[in-house]
2 protein chains.
Amino acid sequence: MSPSPARVIAVDTYDIRFPTSRQLDGSDAMNPDPDYSAAYVVLRTDAADGHEGHGFTFTIGRGNDVQVAAIDALRDHVLGRPVQEMCDDPGSLFRDLIGDSQLRWLGPEKGVMHMAIGAVINAVWDLAAKRVGRPLWQLLADAEPEWLVAQIDFRYITDALTPEEALDLLRRGREGAAERRSRLLERGYPAYTTSAGWLGYDDDKLTRLAAQAVADGFTQIKLKVGADLEDDVRRCRVARSVVGPGVRLAIDANQRWDVAEAIRWTKALADFDPYWIEEPTSPDDVLGHAAIRAAVAPVKVATGEHVQNRIVFKQLLQAGSLDILQIDAARVGGVNENLAILLLAAKFGVPVCPHAGGVGLCELVQHLSMFDYLALSGTTEDRVIEYVDHLHEHFLAPVVIRDGHYTAPTAPGFSATMRPESIARFTFPGGGFWAADPETRKGKAA
Amino acid sequence: MSPSPARVIAVDTYDIRFPTSRQLDGSDAMNPDPDYSAAYVVLRTDAADGHEGHGFTFTIGRGNDVQVAAIDALRDHVLGRPVQEMCDDPGSLFRDLIGDSQLRWLGPEKGVMHMAIGAVINAVWDLAAKRVGRPLWQLLADAEPEWLVAQIDFRYITDALTPEEALDLLRRGREGAAERRSRLLERGYPAYTTSAGWLGYDDDKLTRLAAQAVADGFTQIKLKVGADLEDDVRRCRVARSVVGPGVRLAIDANQRWDVAEAIRWTKALADFDPYWIEEPTSPDDVLGHAAIRAAVAPVKVATGEHVQNRIVFKQLLQAGSLDILQIDAARVGGVNENLAILLLAAKFGVPVCPHAGGVGLCELVQHLSMFDYLALSGTTEDRVIEYVDHLHEHFLAPVVIRDGHYTAPTAPGFSATMRPESIARFTFPGGGFWAADPETRKGKAA
């Protein structure tokens, strides 16, 4: 009798919250006081190698417990799965999770339940990459196009992208990959920084951080806008005067506006030559973004961090709503769905500039952009990954930024693993930090 | 010193599940084995009248606990609110709930978190109507247009409907309301039935139930389709031959298809003169529905039960994706958001035919259609509310169907209150039914 294969023996979840609201880090027009948080999941197996799969949903505080409950609701689908089989074909688990008809009712494929699926699926990819001893970007870039296509659920997108077209894009995308890999390893992938531009920062801090960004080699920075037009005019003027005309200045309204207001406000800031306006209105508004884009050109329109799934991305592309598509590693259904979104962007010729920041989003999403460069888009022109210098110290393999570029990760996995001492300290409400916090002890939420 | 005003003193939640999957009631092409469930909330106050506000999210089994956790996450926003103030202006609480920036991150305005907001808001309307001793439809129909407009959050919809246009629609809508009220009280509001058409029923049961529906006075029935074309052809033929040419036959694919498949399949059933094709594809696919509608006319396109919020409904109307708009009382953010959706439908001249069934959805949504008739659309022509004869016995004031019409409810409130003994028996997993159930005791999910 052959020994039974290694299986998943535990799906452990953690409610981890960082008290970021106390410094106004991450403040914007819609999110004045975020406490960056992670609904965190660890897949443990009985394999001899001892590897674990780590994944998470990023949230901004309250409700992180709801997100943990949603991951818990997926546990029965994962427990007992043979590890090798699951890692050889994460798409099979993905289809089982989005196909659970009772859980599907809670979306479908959107919001809390869908993000929970993304956390679990990303944990599987982390485990799969660790088990083959490669960073995820490399696992993906080395994979056969046929296998990558089989990882994708084409339901509801075949009117824009068929499996055959995807295969063709991936086959053509591989040409010249070896040369690009050398360049990636040498130079990294371009980044831009949002660290200077939070709405809660005063002009002095903005000036200092914007100058620092240029000195650090960034060729694009981003400013939060949308709370007060007069303030925005002043802050854009300050930022533009600090960085000069050669650095791209993106602005980000975090969904603050209706369509007409977005057009008016963006035009009022046009003098400062904004490169893109990000999230001008609701992420659900495909037609609204198309109207805004038509009106504010040549300012580009960017969105995606809150776009719920591939179906809405498909329409944003079909309707011509976007100049820049911003994937997020932890909002949609994980790597599998992001593969579909990257392919849709490639089909429509729209550059992908990922959203990152928060907790660990930089760590995750760099892998997807590097795959995109090596095996699909074939270029980094007009492509940048967002970078924010928060909370990286909590990860075992944090991102490394060098001269305005993300350095290609070398550690096996998806760079998702948080330090055990950080998990212990920031678990809410029982971890060391929160247990000692007077506000938490008074019974207030984080 | 004046006595302090009555306040909300408890927000109690219940995970209630009914074992409907065991009879294949409610089976369709996407949902083969639903266990109709309610994430149920009761607002208790210290007012002398003893009234409670009841509300719920309808789910189909697994994940009902996640939905309960989401309602729990809203508790701090509601506890301690002055009851009179809250009931005088539910819109104020609605804006606070959708405006909680940390919780908003989990949507925004979609999925688990948004449905939880809907449950709480609907409970407030139930309480408000009980306190004034009127059924909700009457409270709404009697309300001043200015007050109704103030109940609506126009964010993200002003490009399609302004507050001024809404006010104008409501003012015009009132004309002739007294006469319509008499007609409503005498005749009720037209219904159609889905009870015959579940996918899990064999042809004999379909024949028997379809004949019964016609005998009961229904002029429209609905069949589930989308699993197997040959079966669908046979079932449509059976149904059409039973009901004859004078009864409308709607078909419902429950999101089963991609765009091209939806067109092909619907055309293949056109011989049986289907009145509408419902949910032909993903509820997120505004452009897909528009393409399907253009291709399958004169068969009408209907959707809405899974449409996440007013922003997607706005676009479905803007893009010409719909002939029939199907509101659901418990998927969006409660009565306040449904007022916005009814007004959008009125603005675009699209008839509203609500989704109902499940647990208590008939009880709730009848109030919204009756308001629509009395104070907005002014007609019941081409308008029907779905009716399914499941689980009504668990409600204190169940719907009353007479000659194919919903009778106008007379009991104060939103008809949302479940019998205490039903709550006790079907609370999962500790209630009497589940505790005695061998499957549950083996540790399996519902």
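Values in this document were obtained by computation on a predicted structure and should not be read as measured data. (Residues numbered from 1 in each chain as written. Chains lettered and ligands numbered in written order. Predicted model: local features only at pLDDT ≥ 70, side-chain atom pairs only at ≥ 80, totals over all residues. Heavy atoms only, no water.)

> Tell me what's going on with the sheet that holds strand β1 (residues 8-17) of chain A, and back it up with residues and numbers.
Residue and element names in this part refer to chain A. One open sheet holds the three strands; their spatial order is β1-β2-β3, and the pairing between them is antiparallel. Lying at the two open borders of the sheet, with one neighbouring strand each, are β1 and β3 (53-59). On average, each strand axis in the sheet is inclined to that of its neighbour by 15°, with strand direction left out of account. Contacting β1, β2 (37-45) and β3, helix α1 (residues 64-72) runs over the sheet at an angle of about 175° to β1. (Pairing = 2+ DSSP bridges. Helix = DSSP H or I, 4+ residues; strand = E, 2+ residues; numbered from the N terminus. Axes fitted to C-alpha atoms, helices over the stretch in contact; angles between N-to-C directions. Contact = heavy atoms within 4.5 Å.)

> Explain the sheet that holds strand β2 (residues 37-45) of chain B to me, using residue names and the numbers behind them.
Residues and elements named next belong to chain B. Reading across the sheet, the three strands line up as β1-β2-β3 and stay open at both edges, with antiparallel pairing between neighbours. Among the strands making up the open sheet, the edge pair consists of β1 (8-17) and β3 (53-59). Ignoring strand direction, the axes of neighbouring strands in this sheet form an average angle of 15°. Direction of pairing for β1 relative to β2: antiparallel, over a ladder of nine bridges.

> Before we move on, could you go through the domain arrangement of chain A and cite the residues and values that matter?
All names here are of chain A. Split by domain assignment, chain A resolves into domain 1 (8-135 + 421-438) and domain 2 (169-418). A separation of 23 Å is found between the C-alpha centroids of domain 1 and domain 2. Carbon and sulfur atoms make up 63% of the area that domain 1 and domain 2 hide from each other, which totals about 3,400 Å². For the pair domain 1 and domain 2, the interface holds one salt bridge. Residue Glu-109 is joined to Arg-310 by a salt bridge in which the shortest nitrogen-to-oxygen separation is 2.5 Å. Counting across the interface, domain 1 meets domain 2 through 13 residue pairs in polar contact (both at pLDDT 80 or more). Where the side of domain 1 that touches domain 2 is concerned, the elements lending two or more residues are β2, β3, α4 (90-98), α6 (111-131) and α18 (420-426). A class-by-class count of the residues in the side of domain 1 that touches domain 2 yields 20 nonpolar, 14 polar and seven charged. (Domains from an automatic or database assignment. Buried area = accessible area lost by both parts, 1.4 Å probe. Salt bridge = Lys/Arg side-chain N within 4 Å of Asp/Glu carboxyl O. Polar contact = N/O pair within 3.5 Å; in protein donor to acceptor, adjacent residues only side chain to side chain. Nonpolar A, V, L, I, M, F, W, Y, C, P; charged D, E, K, R; others polar.)

> Just give me the short version of the packing of aromatic side chains, but keep the residues and values in it.
The tally for this structure, following the rule as stated, stands at 32 aromatic pairs over all chains. A ring pair is formed by Tyr-275 of chain A and Trp-276 of chain A, whose centres lie 5.9 Å apart and whose planes are at 45°; its orientation type is tilted. Classification of Trp-276 of chain A as buried rests on a relative accessible area of 0%. Taken together through their ring pairs, the aromatic side chains of Phe-18, Phe-426, Phe-428, Phe-433 and Trp-434 of chain A make up a single cluster. The ring of Tyr-201 of chain A has Lys-205 of chain A lying over it, and the distance from NZ or CZ to the ring centre is 4.0 Å. The lysine or arginine in question, Lys-347 of chain B, covers the ring of Phe-348 of chain B, its NZ or CZ lying 5.7 Å from the ring centre. (Phe/Tyr/Trp six-rings, centres within 6.5 Å; stacked < 30°, edge-to-face > 60°. Buried < 20%, exposed > 50% of the residue type's maximum accessible area, 1.4 Å probe, protein only. Lys NZ or Arg CZ within 6 Å of the ring centre and 35° of its normal.)

> How would you sum up the confidence of the model for chain A? Please name residues and give values.
Per-residue confidence for chain A gives a mean pLDDT of 96; residues scoring 70 or more make up 98%. Overall fold confidence for the complex sits at a pTM of 0.97, while the interface term, ipTM, reaches 0.97. (pLDDT = per-residue confidence, 0-100.)

> Before we move on, can you summarise the relation of the copies chain B and chain A with the specific residues and values?
Rotating chain B by 180° about the axis while translating it 0.0 Å along that axis superimposes it on chain A, leaving an RMSD of 0.0 Å. The superposition operator between the copies reduces to a two-fold rotation axis. For chain B, the minimum C-alpha distance to the rotation axis belongs to Gly-111 of chain B and amounts to 2.4 Å. (Least-squares fit on C-alpha atoms with pLDDT ≥ 70 in both.)

> Before we move on, could you go through the environment of Ala-408 of chain A and cite the residues and values that matter?
Residue and element names in this part refer to chain A. Structurally, the position occupied by Ala-408 is in the loop between β12 (405-406) and α18. Among the residues examined, Ala-408 registers a relative accessible area of 8% and is labelled buried. C-alpha separation for the pair Ala-408 and Thr-207, spaced 201 residues apart in sequence, amounts to 30 Å. Beyond its immediate stretch of four places on either side in the chain, Ala-408 contacts Trp-137, Leu-184, Leu-185 and Met-370.

> Now, about the pattern of salt bridges: what can you tell me, with residues and values included?
Throughout the structure, instances matching the rule amount to 68 salt bridges over all chains. Among the salt bridges present, the one from Asp-168 of chain A reaches Arg-172 of chain A, with a minimum N-O distance of 3.2 Å. Of this pair, Asp-168 of chain A and Arg-172 of chain A both sit in helix α9 (residues 163-173), four residues apart, roughly one helical turn. Arg-172 of chain A gets classed as partly exposed once you look at its relative accessible area, which sits at 48%. Asp-252 of chain B is the salt-bridge partner of Lys-224 of chain B, the closest N and O atoms lying 2.7 Å from each other.

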